[in-house]
Amino acid sequence: MLFNSVEFIFLFLPGVLLAARFLKGPALLRWITLSSFVFYALAGRTWFLLPMLATTAFDFWLAPRIASAATPERKKALLAVSVSASLGLLFYFKYAGLFLGSAFAVLLPAGISFYTFQTLAYVIDVYRGDAEPERDFWKFAGFVSFFPHLVAGPLTRHDQLLPALGRIAAEGVKPRWQAGLFLFSVGLIKKVLIADRLAILIDPMINDAARLGAPAAWLALLGYALQIYFDFSGYCDMAIGLGRLFGIELPQNFNSPYQAKDPSDFWRRWHMTLSAWLRDYLYLPLGGRSFSAGRRYAAVMATMLLGGLWHGANWTFVAWGFYHGALIIGFHRTKSRWRSRPVILQRAATFTLVTLGWVFFRSPDFHDAALWLAALFDARGLGAGLSAEHRPLLLLCVFGVTVTQWPRNASGRTDWERLSPPFQTALGLATAAAVLWANSGTEFLYFQF
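Since we're looking at a predicted model, the values are computed, not measured.

Student: Explanation requested: the overall build of the protein in the structure shown.
Tutor: Looking only at helices and strands, the protein has 19 helices and 0 strands in total. By principal-axis analysis of the C-alpha atoms, the protein measures approximately 65 × 55 × 50 Å. The proportion of buried residues among the 449 residues of the protein is 55%. Counting contacts in the protein only where the partners sit at least 6 residues apart, residues at least 24 apart contribute 76% of the total. Accessible area of the protein: about 19,600 Å², with a carbon and sulfur share of 64%. The averaged location of the 26 negative side-chain charges in the protein is 6 Å from the averaged location of its 40 positive side-chain charges.

Structure below.
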């Protein structure tokens, strides 16, 4: 079951919300948590619950023992046990095939990277003394499994969600209907009417990149850059909108990333919760605040390599992380010259460089990536231009780029009440169309991570 499915929109969500409106206290926490378990089982396979429940129960049990450990050595040893257990599960399910050979590959539980990083941050913060261990199992399980963000984020910290769950348990669910439904509708439109339409047009082109000329190869790449933007941004809009229907504000995850002025700025705007996690739990501990430029650059590269690997068990993701690490280091080494250029050139250069990197992210292996890159730069002299069959994709890309570059396009900050009646009408019609096409779409791209 997906957010963009009729079953979710008309059956699961109304049922969960209706019951939640009549509950308070422990009963409400249990209802939200059990509903989230059901959603997760329906979103993938029932056994996917087992590793999530194991991680949840183990870290709930271990965190108080870390907080009350008698000596720093014991506290550190208990932290190591927690981190090893969480990363061990993640490694087995996600990376066994990459490092041990395809014979060891196993089916990947949806969203395992997200909830693993979430519980890791909680345990590390308890170890650091930045968080008190949660004593209510149902509240902690709700924090891990809350279905709006469970499968593909945003990555939510304990201090963002645990207090909110405690508040609605005490006061009851107070939905923000307009704000929630508006953002859910915008996300559904992004996913169904834009991202999925782009996928239909570009997938055959990318899968046969060897036959593309440079114009078509670049158009397919631009289409993918827009597909992944509208797909993931759409999911996050829907997740935050769903949170608002429960009276919970999940963290923003996008801030017009294709308007970034440099590679570092891009990562402050794209998948913001992951970027913040990588900064706080990898980059800074690895020496990101060091006075030594060499150590800072090493921390950047290590962080981006691990960030790339987080996205998938494929060496192309590692190459994508290396590419972005090199972009960030290159920017910092030429910062004064970069920033001396007009802002429009900074944005254009950043967008082009980021878009080029999607070749590694989208390609299943280096062979396909090499074919696509060869087509982009017409290394084989094909020189074929665009044809009439590319016109729908070209028009959709023009529309998509216009939206991403619109000065006030951050949907999470849009005030529903200030929208003009024509815009509200257009939004309603687009939402209706998205609902009609909902079950014809695909799962969200970040479900695989």
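Student: Just to check I follow, could you spell out the packing of helix α10 (residues 214-245) against helix α16 (residues 343-362) for this structure?
Tutor: Packed helices, taken two at a time, are described by the angle between their axes plus the distance between the axes. Axis separation between α10 and α16 bottoms out at 9 Å; the angle between their running directions is 90°. One finds that α10 runs roughly perpendicular with respect to α16. Where α10 abuts α16, its residues W218, L221, L222, Y224, A225 and I228 lie against F351, T355, L356, W358, V359, F361 and R362.

Student: Sorry if this is basic, but what is going on with the packing of helix α2 (residues 25-43) against helix α8 (residues 158-171) here?
Tutor: Running from N to C, α2 and α8 cross one another at 125°; their axes reach a closest spacing of 7 Å. With respect to each other, α2 and α8 are oriented oblique. The crossing of α2 and α8 is right-handed. Contacts between α2 and α8 pair G25, L28, L29 and I32 from the former with L165, I168 and A169 from the latter.

Student: How should I be thinking about the pattern of salt bridges in this particular structure?
Tutor: Where charged atoms of side chains with opposite charge meet at close range, the side chains can pair. For the coordinates displayed, the defined rule picks out 13 salt bridges. Across the salt bridge formed by R176 and E249, the nearest N and O atoms sit 2.7 Å from each other. Of the two residues, R176 sits in the loop between α8 and α9 (177-206) while E249 sits in the loop between α10 and α11 (263-269), which places them 73 residues apart along the sequence. For R176, a relative accessible area of 39% translates into the label partly exposed. The residue K190 makes a salt bridge to D237 at a minimum N-O spacing of 2.7 Å. Pair noted here: K190 is in helix α9 and D237 is in helix α10, with a separation of 47 residues, a long-range link. Accessibility classification places K190 together with D237 in one group, the buried group.

Student: Just to check I follow, could you spell out the side chain of H390 for this structure?
Tutor: Take H390: it is sitting in the loop between α17 (366-376) and α18 (391-405). Note on H390: relative accessible area 11%, which makes it buried.

Student: Help me understand the packing of aromatic side chains, please; the structure alone is not making it clear to me.
Tutor: Aromatic ring pairs are defined here through the distance separating the ring centres and the angle between the ring planes. Counting across every chain of the model gives 52 aromatic pairs. When the ring of F140 is compared with that of F143, the centres are 5.7 Å apart and the planes differ by 45°; the resulting orientation is tilted. Here F140 and its partner F143 are both found in helix α6 (residues 137-145), 3 residues apart, which amounts to about one turn of the helix. Looking at F143, the relative accessible area reads 0%, which means it is buried. Here the aromatic rings of Y229 and F230 are separated by 5.0 Å at their centres, their planes lie at 90°, and the arrangement is edge-to-face. Comparing Y229 with F230 shows no difference in burial state: the two are buried. A cation sits over an aromatic face here: K94 above W310, 5.4 Å from the ring centre.

Student: Which parts of the structure should I look at to understand a nonpolar patch on the surface?
Tutor: A contiguous nonpolar patch, built from V6, F10 and L11 and spanning about 300 Å² of accessible area, is present on the exposed surface. One can find V6 in helix α1 (residues 6-20).

Student: When you look at the side chain of T303 in this model, what are you seeing that I'm missing?
Tutor: Secondary-structure assignment places T303 in helix α13 (residues 293-310). If we ignore the near neighbours within four places in the chain, the residues touching T303 are L278, L282, Y283 and L286.

Student: Which parts of the structure should I look at to understand the nonpolar core?
Tutor: Soluble globular proteins tend to bury their nonpolar side chains together. If you look at the biggest cluster of nonpolar residues, it comprises 145 residues, and the most contacted ones within it are F3, F8, F147, F246, Y258, W270 and W358. F147 has contacts with F3, F8, F12, L13, V16, S36, F39, Y235, L242 and F246, leaving out every residue within four places of it along the chain.

Student: Where do I start with the environment of F8 in this structure?
Tutor: Note on placement: F8 falls in helix α1. F8 gets classed as buried once you look at its relative accessible area, which sits at 0%. Considered as a pair, F8 and L188 are 180 residues apart in the sequence and their alpha carbons are 12 Å apart. Aside from chain neighbours lying at most four places away, what touches F8 is M1, L2, F3, L13, P14, F39, F147, F184 and L242.

Student: So what exactly am I meant to see when it comes to α13 here?
Tutor: Helical periodicity: at 3.6 residues per turn, an α-helix aligns residues three or four positions apart in one direction. Relative to the 26 Å expected for 18 residues at 1.5 Å per residue, α13 spans 25 Å between its end C-alpha atoms, a close match to the ideal helical length. Of all the residues in α13, the buried ones are Y297, A299, V300, M301, T303, M304, G307, G308, L309 and W310.

Student: Got a minute to help me understand unusual backbone geometry in this structure?
Tutor: Peptide bonds are mostly trans, and most non-glycine residues show a negative phi. Positive phi values are uncommon outside glycine, yet S256 reaches one of about 50°. Residue placement: S256 occurs in the loop between α10 and α11. Phi is positive for H271, which is not a glycine, with a value near 45°. Judged by its relative accessible area of 0%, H271 falls in the buried class.

Conventions used here
- Residues numbered from 1 in each chain as written.
- Predicted model: local features only at pLDDT ≥ 70, side-chain atom pairs only at ≥ 80, totals over all residues.
- Heavy atoms only, no water.
- Helix = DSSP H or I, 4+ residues; strand = E, 2+ residues; numbered from the N terminus.
- Buried < 20%, exposed > 50% of the residue type's maximum accessible area, 1.4 Å probe, protein only.
- Contact = heavy atoms within 4.5 Å.
- Areas by Shrake-Rupley, 256 points an atom, 1.4 Å probe, with all protein chains shown as cover.
- Lys, Arg positive; Asp, Glu negative; His and termini not counted.
- Charge placed at Lys NZ, Arg CZ, Asp CG, Glu CD.
- Axes fitted to C-alpha atoms, helices over the stretch in contact; angles between N-to-C directions.
- Parallel < 35°, antiparallel > 145°, perpendicular 65-115°, else oblique.
- Left-handed = near helix turned anticlockwise from the far one by under 90°.
- Salt bridge = Lys/Arg side-chain N within 4 Å of Asp/Glu carboxyl O.
- Phe/Tyr/Trp six-rings, centres within 6.5 Å; stacked < 30°, edge-to-face > 60°.
- Lys NZ or Arg CZ within 6 Å of the ring centre and 35° of its normal.
- Patch = residues over 30% accessible without salt bridge, like charges linked within 9 Å, V, L, I, M, F, W, Y side chains within 5 Å.
- Core = buried A, V, L, I, M, F, W, Y, C linked by side-chain atoms within 4.5 Å.
- Expected span 1.5 Å × (residues − 1).

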